[in-house]
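Read off the chains here:
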Amino acid sequence: MAKKDVISIRDFSKKEIEDMLKLAEKIDSMAEEKRLKLLAGKKLATLFFEPSTRTRLSFESAMQGLGGSVIGFADANTSSTQKGESLKDTVRTVEKYCDVIAMRHSLEGAARAAAESVSIPVINGGDGANQHPTQTFLDMYTILKLKKKIDGLVIGFAGDLKFGRTVHSLALALSHFNVKLYFISPDSLKMPQEFLDEIKERGTNYIETENLAETIPELDILYATRIQKERFYDLAEYERVRGFYRINKKLMESAKPELKVMHPLPRIDEIDYELDNTPYAVYFEQLANGIPVRQALLCRVLGVL
Amino acid sequence: MAEEKVVKMAVTALKEGTVIDHVPAGQVFKVVDVMNLYEYKKALRIGMYLDSKTYGKKDILKIEDRYLTQDEANMIALIAPNATINIIKDWKVAKKIQVSVPDVVTGLRCGNPRCITRYDKIKTVFSVLDKKTLKVRCHYCEHVFGKEEVI
């Protein structure tokens, strides 16, 4: 039976991840005319209590591309939350207006709490520093599309590995497969031990390092992330670690020619613009993959396909 | 038997209620906290740092007119995995409850200040990842905590 919700990558087995990626591929290659009928008459509510550009627009575009329609808000200040309404009451209200909810919230666990309060499906578009499963599915889809496989790859994560939820979720998803992982970060932004333990339990090999330049030649995929200012309590610490690494053409001199550089975006200064037009840069292609992947997730939770 | 005598002298007996014995020394107020007994308007009898043959020192809690359920006993298991829980009726032990660390615990406070359970009225749920080290994961924010962080 299909899952009602998409809350955390931890809820998905290897087979379920693979099935979802296959479905995304199917939708990606489907004729537009056919695709537009899949969710005709269905409504998606996008509840973005925390700002987002890519995820929200991607959900909305995905839904419209399936023939469905979209309602919602992009800012908690324009919702009843501002009046003190609980999350539970907000989603119970919205449930009456739509068939599926996609939401982002700054508090961790918010999407799970929302999903338990309503009977329609809820898709987590990010809950604080916790999970961002749709990003994980699109990252996995991007890797599969570029490399035609996941098993056997060497994948490096660079940047904010402590607060970066995309890194946590993707590393967990990849640990279902036979991959080698490098975690490259300053000491204060290391991958949390609980994730390392979980990855290790699944038998995945990983190496932690601060040296990106030395690691580059090993990698098939480099997954770069932004040092997120909004996750720091101590801005002095943020100033110390921002600009820890910079990915540019010079750094790529020692890379495998087929290395691909991914980034969940937005970037600040971790990837030079000069890299954008090289074969290494795939972050805009990665972004575009958000559409078929979110379409697959919407279809799956609504019991279509 | 010497131990029993000391206990009886230190903390008077109950006619009706629950005795939670062999709480680790100094931890009894955590039991009071987890069971939300601060608002309990009946007698609580508390003994701390009493001599124990088995554990050296121990705490004890006697709750008048309240009978613990198995679920409540399991909550205590995180704080006092070796606790002995006796239900007392008419001065006698009417039932013994075995404490065992459950797969899921509820009602503890999540140690993550950014967890939704700290803001909305949501009953917390933790899955126990390791019954020996008592590592738990919050069902909502998915953070992993040692028992000292949630108790």
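Note that this is a predicted model, so its numbers are computed, not measured.

Student: I'd love a proper account of the overall build of chain B, names of residues and values included.
Tutor: Secondary structure assignment for chain B yields four helices and nine strands. Tracing chain B from N to C terminus, the helices and strands come up as α-β-α-β-β-α-β-β-β-β-β-β-α. Here the C-alpha coordinates of chain B stretch approximately 45 × 30 × 25 Å along the principal axes. When each of the 151 residues of chain B is scored for burial, the buried share is 45%.

Student: Give me the lowdown on a nonpolar patch on the surface, citing residues and values where you can.
Tutor: All names here are of chain B. The grouping of F29, Y38, I46, M48 and Y49 at the surface amounts to a nonpolar patch, some 490 Å² of accessible area in total. Looking at the nonpolar patch, the element that brings in the most residues is strand β2 (residues 44-52), giving three residues. Mapping Y49 onto the fold places it in strand β2.

Student: I'd love a proper account of the environment of S185 of chain A, names of residues and values included.
Tutor: Residues and elements named next belong to chain A. As for its position among the elements, S185 is in the loop between β6 (180-184) and α8 (193-201). Classification of S185 by relative accessible area gives buried; the value is 3%. Beyond its immediate chain neighbours, meaning those up to four positions away, S185 contacts G159, L161, K190, T209, E210 and F244. Side-chain polar atoms of S185 contact the backbone oxygen of L189, separated by 3.4 Å.

Student: Before we move on, can you summarise the sheet that holds strand β1 (residues 43-48) of chain A with the specific residues and values?
Tutor: Residue and element names in this part refer to chain A. Taken in spatial order, the four strands line up as β2-β1-β3-β4 in an open sheet, and their pairing is parallel. Looking at the sheet topology across the chains shown, the edges are occupied by β2 (69-73) and β4 (122-127). Going across the sheet, the axis of each strand differs from the next one's by a mean of 15 degrees, ignoring polarity. Of the pairings in the sheet, the one linking β1 to strand β3 (residues 100-105) comprises five bridges and is parallel in character. When the sheet's bridge partners are listed, F48 is paired in β3 with R104.

Student: How would you summarise the domain arrangement of chain A if you had to cite specific residues and measurements?
Tutor: All names here are of chain A. Along its sequence, chain A is carved into domain 1 (9-131 + 290-301) and domain 2 (133-287). Taking the mean C-alpha position of each, domain 1 and domain 2 sit 25 Å from one another. On the side of domain 2, 27 residues touch domain 1, which itself brings 30 residues to the contact. Between domain 1 and domain 2 lies a buried interface of about 2,500 Å² when both sides are counted; carbon and sulfur atoms form 63% of it. Contact with domain 2 buries area across many residues of domain 1, yet I9, L21 and R54 alone supply 26% of it, more than any other trio.

Student: Mind laying out the pattern of salt bridges, listing which residues take part and the relevant values?
Tutor: Per the stated rule, a full pass over the model turns up 20 salt bridges over all chains. Among the ionic pairs, K15 of chain A bridges to D19 of chain A, the shortest N-O distance being 2.9 Å. One end of the pair, K15 of chain A, and the other, D19 of chain A, are both in helix α1 (residues 14-28), four residues apart, so they sit about a helical turn from each other. By relative accessible area, which is 53% here, K15 of chain A ends up exposed. Residue R137 of chain B is joined to E198 of chain A by a salt bridge in which the shortest nitrogen-to-oxygen separation is 3.3 Å. Placement of the pair is R137 of chain B in strand β8 (residues 135-138) and E198 of chain A in helix α8, with the two residues belonging to separate chains.

Student: Give me the lowdown on the packing of aromatic side chains, citing residues and values where you can.
Tutor: Residue and element names in this part refer to chain A. Taken as a whole and assessed by the stated rule, the structure comprises six aromatic pairs over all chains. Both rings, one in F49 and one in F73, keep their centres 5.2 Å apart while their planes meet at 80 degrees; by these two values the pair is edge-to-face. Of this pair, F49 sits in the loop between β1 and α3 (54-65) while F73 sits in strand β2; the two residues are 24 residues apart in sequence, bridging distant segments of the chain. Of the two residues, F49 and F73, neither departs from the other in class, the shared state being buried. Judged by centre distance (5.6 Å) and plane angle (55 degrees), the rings of F157 and Y223 are tilted. Taken as a pair, F157 in strand β5 (residues 154-158) and Y223 in strand β8 (residues 221-224) lie far apart in primary sequence, 66 residues in all. Across this residue pair, the class does not change: F157 and Y223 are buried. Chaining the aromatic ring pairs together yields one cluster made of F157, F183, Y206 and Y223.

Student: Residues and numbers for the packing of helix α6 (residues 133-147) of chain A against helix α12 (residues 290-301) of chain A, please.
Tutor: Residues and elements named next belong to chain A. Two elements in contact, α6 and α12, have axes whose closest approach is 9 Å; the angle formed by their N-to-C orientations is 125 degrees. Taken together, α6 and α12 sit at an angle that is classed as oblique. As α6 packs across α12, the resulting crossing turns out to be right-handed. Each of T134, Q135, F137, L138 and Y141 in α6 lies in contact with α12, whose residues at this interface are G290, P292, V293, R294 and L297.

Student: Outline the pairing of strand β4 (residues 84-89) of chain B, listing residues and values.
Tutor: Residues and elements named next belong to chain B. One ladder, built from five bridges, connects strand β1 (residues 17-24) with β4; its direction is antiparallel. Paired with T18 across the bridge in β4 is I87. Summarising the sheet, β4 and strand β5 (residues 92-97) pair through five bridges and their orientation is antiparallel. Paired with I88 across the bridge in β5 is V93. As consecutive antiparallel partners, β4 and β5 are separated by two residues, and within that stretch D90 has a phi angle of approximately 50 degrees, a positive value.

Student: I'd like a description of the interface of chain A and chain B, backed by residues and values.
Tutor: Every contact between the two is made by 21 residues of chain A and, on the other side, 16 residues of chain B. Where chain A abuts chain B, roughly 1,500 Å² becomes buried across the two surfaces, and 41% of that area is made up of carbon and sulfur atoms. Considering only the side of chain A, the residues that lose the most area to chain B are L107, E108 and E194 of chain A, jointly responsible for 36% of the buried surface there. Along the contact surface separating chain A from chain B lie 14 residue pairs in polar contact (both at pLDDT 80 or more). Of all elements in the fold, only α4 (87-94), α5 (110-117) and α8 of chain A reach the threshold of two or more residues within the side of chain A that touches chain B. Here the side of chain A that touches chain B takes four residues from α5 of chain A, the largest share from any one element.

Rules used in this analysis
Residues numbered from 1 in each chain as written. Chains lettered and ligands numbered in written order. Predicted model: local features only at pLDDT ≥ 70, side-chain atom pairs only at ≥ 80, totals over all residues. Heavy atoms only, no water. Helix = DSSP H or I, 4+ residues; strand = E, 2+ residues; numbered from the N terminus. Buried < 20%, exposed > 50% of the residue type's maximum accessible area, 1.4 Å probe, protein only. Patch = residues over 30% accessible without salt bridge, like charges linked within 9 Å, V, L, I, M, F, W, Y side chains within 5 Å. Areas by Shrake-Rupley, 256 points an atom, 1.4 Å probe, with all protein chains shown as cover. Salt bridge = Lys/Arg side-chain N within 4 Å of Asp/Glu carboxyl O. Contact = heavy atoms within 4.5 Å. Polar contact = N/O pair within 3.5 Å; in protein donor to acceptor, adjacent residues only side chain to side chain. Pairing = 2+ DSSP bridges. Axes fitted to C-alpha atoms, helices over the stretch in contact; angles between N-to-C directions. Domains from an automatic or database assignment. Buried area = accessible area lost by both parts, 1.4 Å probe. Phe/Tyr/Trp six-rings, centres within 6.5 Å; stacked < 30°, edge-to-face > 60°. Parallel < 35°, antiparallel > 145°, perpendicular 65-115°, else oblique. Left-handed = near helix turned anticlockwise from the far one by under 90°.

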